[in-house]
Each structure stands twice: as structure tokens, then as C-alpha cells.
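# Geometric and topological summary
Chain by chain, the residues run as shown.
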Amino acid sequence: MTAATDKTLARLDGMRDEMVSTLQEAIAIQSINPTYPDQDYDDLVGGETAVSQLLAGHYREAGAETQLFGDAAGRDNVVGVVRGTGGGRSLIFNGHVDVVPAGDAGAWTHDPFAGHVDGTHIWGRGSVDMKSGLVAQAFAARALHESGVRLRGDLILQGVAGEENLEHHLGTSLVLGNGFVAHGAIIAEPTGAVGPLSVMPATPGVLVMRITVTGKTGHASARSLMRAQLRSSPDEEPIAASALDSALRVHDALRRLEDEWEVTLTDPLFEPGQFTIGLDVIDGGARAARNVAFIPDETTLDYAIFYPPSVDVATIQSEITATVARAAEADPWLRRNLPKVEWPMHYPGGRTDRSDPLCQTVVAAREEAAAGTAYAGAPDVRPFPSATDLTWFTAAGIPAVGLGPGSLSMAHAVDERCAIDEIVVAAKAYAAAAIRWCGAV
Ligand SMILES: [Zn+2]
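Below you will find a few notes about this structure.

Conventions adopted
- Residues numbered from 1 in each chain as written.
- Predicted model: local features only at pLDDT ≥ 70, side-chain atom pairs only at ≥ 80, totals over all residues.
- Heavy atoms only, no water.
- Helix = DSSP H or I, 4+ residues; strand = E, 2+ residues; numbered from the N terminus.
- Buried < 20%, exposed > 50% of the residue type's maximum accessible area, 1.4 Å probe, protein only.
- Contact = heavy atoms within 4.5 Å.
- Lys, Arg positive; Asp, Glu negative; His and termini not counted.
- Charge placed at Lys NZ, Arg CZ, Asp CG, Glu CD.
- Donors = N, O, S within 2.8 Å, 3.2 Å for Na, K, Ca; no water.
- Tetrahedral: all angles 85-135°; square planar, octahedral: opposite > 155°, others 65-115°.
- Phe/Tyr/Trp six-rings, centres within 6.5 Å; stacked < 30°, edge-to-face > 60°.
- Core = buried A, V, L, I, M, F, W, Y, C linked by side-chain atoms within 4.5 Å.
- Axes fitted to C-alpha atoms, helices over the stretch in contact; angles between N-to-C directions.
- Parallel < 35°, antiparallel > 145°, perpendicular 65-115°, else oblique.
- Nonpolar A, V, L, I, M, F, W, Y, C, P; charged D, E, K, R; others polar.
- Expected span 1.5 Å × (residues − 1).
- Polar contact = N/O pair within 3.5 Å; in protein donor to acceptor, adjacent residues only side chain to side chain.

Next up on the list: the overall build of the protein. Helix and strand counts for the protein come out as 13 helices and 14 strands. Along the first, second and third principal axes, the C-alpha atoms of the protein reach 85 × 45 × 40 Å. Within the span of the protein, comprising 441 residues, buried residues form 54% of the whole. A separation threshold of at least 6 residues defines the contact pool for the protein, and within that pool the share at least 24 residues apart is 80%. Counting 33 positive and 56 negative side-chain charges, the protein places the averaged centre of each group 4 Å from the other.

Ligation of the zinc ion by protein atoms is provided by H96 (NE2), D129 (OD), E189 (OE) and E189 (OE), these donors lying 1.9 to 2.8 Å from the ion. Around the zinc ion sit four donor atoms; with metal-centred angles ranging over 51 to 148°, the donor geometry is irregular. Donor residues for the zinc ion, ordered by position in the chain, follow H-x32-D-x59-E. Of this pair, H96 sits in strand β3 (residues 91-96) while E189 sits in the loop between β6 (185-187) and β7 (202-203), and the two are 93 residues apart along the sequence. Accessibility expressed as a relative area gives 2% for H96, which makes it buried.

Bringing the packing of aromatic side chains into the picture now. In the structure shown here, the tally under the stated rule is four aromatic pairs. Summarising the aromatic geometry, the rings of F270 and F275 are spaced 4.9 Å apart at their centres and angled 45° between planes, so their arrangement reads as tilted. Side by side, F270 and F275 carry an identical accessibility label, which is buried. Residues Y347 and W392 carry aromatic rings whose centres are separated by 5.3 Å and whose planes lie at 80° to one another, so their mutual orientation is edge-to-face. A residue pair is termed long-range when its members are at least 10 positions apart, and Y347 in strand β11 (residues 340-347) and W392 in helix α12 (residues 390-395) qualify at 45 residues. Considered together, Y347 and W392 belong to a single accessibility category, that of buried residues.

Moving on, we come to the nonpolar core. Counting 72 residues, the largest nonpolar core has L91, F93 and Y430 as the members making the most contacts within it. Ranked by the residues each element gives to this core, the list is headed by helix α13 (residues 420-438), at 15 residues. Leaving out residues up to four positions away in the same chain, Y430 has contacts with F93, G133, A136, Q137, A140, I186, A188, L403, G404 and P405. Membership of the second largest hydrophobic core comes to 30 residues, among which are M209, I211, L257 and I305.

Further remarks concern the packing of helix α4 (residues 47-61) against helix α5 (residues 127-146). Helix-helix packing is characterised by the crossing angle of the two axes and by the distance between the axes. At a minimum axis separation of 8 Å, α4 and α5 run at an interaxial angle of 20°. Overall, the two elements α4 and α5 adopt an arrangement that is roughly parallel. Contact residues: α4 offers V51, L55, H58, Y59 and E61, while α5 offers K131, L134, A138, F139, R142, H145 and E146. When the residues that make up the contact of α4 with α5 are grouped by side-chain class, the tally is six nonpolar, two polar and four charged.

What follows concerns helix α11 (residues 357-370). Across its 14 residues, α11 extends 20 Å between first and last C-alpha, which sits within 8% of the 20 Å expected from 1.5 Å per residue. What α11 keeps buried is the set L358, C359, T361, V362, V363, A365, R366, E368, A369 and A370. Buried residues in α11 make contact with α1 (3-14), β3, β6, β13 (400-402) and α13. Its side-chain oxygen at 2.8 Å from the backbone nitrogen of L358, D356 defines the N-terminal cap of α11. Following α11 by one or two positions, G372 has its phi on the positive side, about 80°.

With that out of the way, let us pick up the side chain of T212. In this fold, T212 is placed in strand β8 (residues 205-214). Classification of T212 by relative accessible area gives buried; the value is 19%. Every residue in contact with T212, bar those within four places of it in the chain, is listed here: T299, T300, P339, K340 and E342.

A few words now on the environment of T321. Along the chain, the position of T321 falls in helix α9 (residues 313-329). With a relative accessible area of 32%, T321 lands in the partly exposed category. Expressed as a C-alpha distance, the spacing of T321 and F393, which sit 72 residues apart in the sequence, is 30 Å. Non-local contacts of T321, meaning those with residues more than four positions away in its chain, are made with V341 and W343. A distance of 3.2 Å separates the side chain of T321 from the backbone oxygen of S318, its partner in a polar contact.

These figures capture arrangement, not role.
Here it is as C-alpha cells:
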């Protein structure tokens, strides 16, 4: 360990209590994403800016020049730039300032916005996702400054709005578009999965698909005649056609494709079977009445699809539409009444190779920071399970990895809470990574 790292990590031990009280302040600001489903925008807007203002104060304590800006009133991002002495690589610390709603506050053991602290954990909405990571990044920068460590490369601190509703155009993409770019980025999303403080260098592509199947309604008792017609004269106009029967035939074909994907879709950063075609919502019945007295004439199937970041989305879409087309060809009704396939949402993936110097730097820094603690040892390296802002960094040519305190299973959950020791180790890992990546004088 270098002398610079040594004194910075020791400084962070001394900042533990202040880190916890700052996190309590951050949790008390109800920065619920105002466009999140079923929320009152006017009621909630402004929380994101308030967290950005809180962070700006700490960024200034780290010697940063700060700016608040956004694309919607009350939804400001914050950026702090700690200028390097020159000659080193620059690094971004990124996290989002918004949180998801707390849901039924009565279901929580402690008030979700009180920032309750027990012997080991800090509780509350955003304690894991992801105010502890944001505060740990700010304190890492402060500890460097307060220890008199000057980095060679610039350190750019980013707190962004809108992430929880995938509004990257208001947050990370806007910040990067305003020129706050660097040679690498660490995103402080919670990465505790199998083990705590994993390093996550990839995020899958996420695609939402809706399949609409139209049938022909009739009385439920016409089903036997409908089935007999299908067998004897499949090419004639039937008395009725069940949209649900046909839709489930299409779904069956997609389930077989999902099985094939376990073998055909691979990425060395992902486990086999991590790419999936999940039917999550099914809606069907007769237009006239959702009632068992009628043969259903409309069905929609809504899928969430996770695919490898290294594969083009058009390839995924054409594989799926070909599968749907083959299933339709085998179904006499669907042959003449093709299912409609739509793609309401797409969020591309991103990846940074395990061998990339940034990934290696963060793995080494994480190990250095955790030495002698309960978190000691080599970290697990695995992808994020879902969409993150990592996408927008790698799309901009900036290698990026996730590393943050808290377990993914606690994100968005009732009784969300984060281990304080883990927050301190994360802050140390950020500081150690900055010294390794940017160089120090
Ligand atoms: Zn998050």
C-alpha cells in the first residue's frame, strides 16, 4: 500500500460517524423519482435537487468546483470536478440521487425516511439504492483532499437524477453530454449479490415485447364444435377461435427459444441461462365480457427480455419474430390472423472486459480496501442483473464498472438497510481506486 493510500484510508476510518450522519440527512430528503408510476409529480419534484445540493457541499469540501444543472425544474444533477495536477488518467464517480417510493410505510420496522441507525446498519429508503454509495464516493474524495493527496488525473463526481425511471436523458446522458467525461467510471449502485461489494462490469440489454393475438368470440359451449372444425377443416373460417389457445401456442415456442438461449447466447461475463424471455403479464378474454361464458377473442402477452450486451438488439428481435412467425404458421387460425409483435421499451446493455485495466484496478482497490475486515479477499466479479447507467458510459467509450455497498436484494425492498462497515470499506475502495487509476503526488 502506498503512503497516499495508507493515510487516506486511515482518514476514512476517522470520518465514519460523519459519513453516517450525512447519510441520515440524505435519506431524510424524500427524493422519490417524481415520474415513477403512480406518484404525484408536483408533490415530489425537488427532492432530487435537494440531494444534489447536499452532495455539492461535500464535493466542495473535497476541493471540487461544483455545478448543479438539469433538464427539468427541481430535477438537478450535481457535478464536482477535482482538478488533477496533470499527466494522469481521469475517473468518474457516479450515482443516482433519486429513490423509488417507500410503499406502505406501516410495513417498515422503522420510518423509511428517518435514517434509523442500529449497532450495525443504517435503515431507510435509499440506504442501499443508492445514497450510501453516493455518500461513500463523496467522502472518498474528501478523505483524499483532507489527507493532502493530490491526484494526477481529474476526479469527476456525479450525482444524477431520474435513474429509477430510466430517464438517463435527464441524468447520466445529460451529464456526459455536457462534457463531464473521463477515462473510466465507477458506478456506486449496490453490488452485493452472492458476496458483498462485488465488482460488476456489465449490464444486460433489456427489451420489452408485447404480443397481441386476436381470435373470434362465441359462446363457451361452442368450443367442442370449434375443436372439431380445427381438426376436420382447419382452413375454413371457424365458428370461433380462442385467442388464448393461440397465444399460448406462441408462448410455448418462445419458451423453447429461451431453453435454446441457454446454449446459444453466451457472454464470458454472464452465467449460462442469464438471458431470458420472461412472460410477466398475460391479459385475455372476450372483448364483450371477461367471462368464462365466452370464447376469448383477444390476448396480450407482455415479456421482459434480457439479452447479452455484445449482441445487437436487431438480431435478438429478428430471432424472436422468426420464432413467432413459425409458431403462427403451425396454427391454422394464426396463419390467417398473424399475431402483432410490438417493442414498447428497449434499454441497451453495456460491458467492460474483465481484463480491462479499469476492472483490474477496481478489483485490486476493493481488495486493498477490505484487507483486515470482514470483507477481505478477492471480490466476486459478475454482471448487474438488470438495466443500469453503465450502458451510457460504455456507449460513450468510457470503461465502467459497478461497485457499491448494500445487497441488491435490499434495493426497492421494505426494511432496506445497509451495513455501516460495508459503506466504509466501499469509501476506501473508491479512494484506493482513484489513487491507482489517476496516480497521486
Ligand atoms: Zn439504483
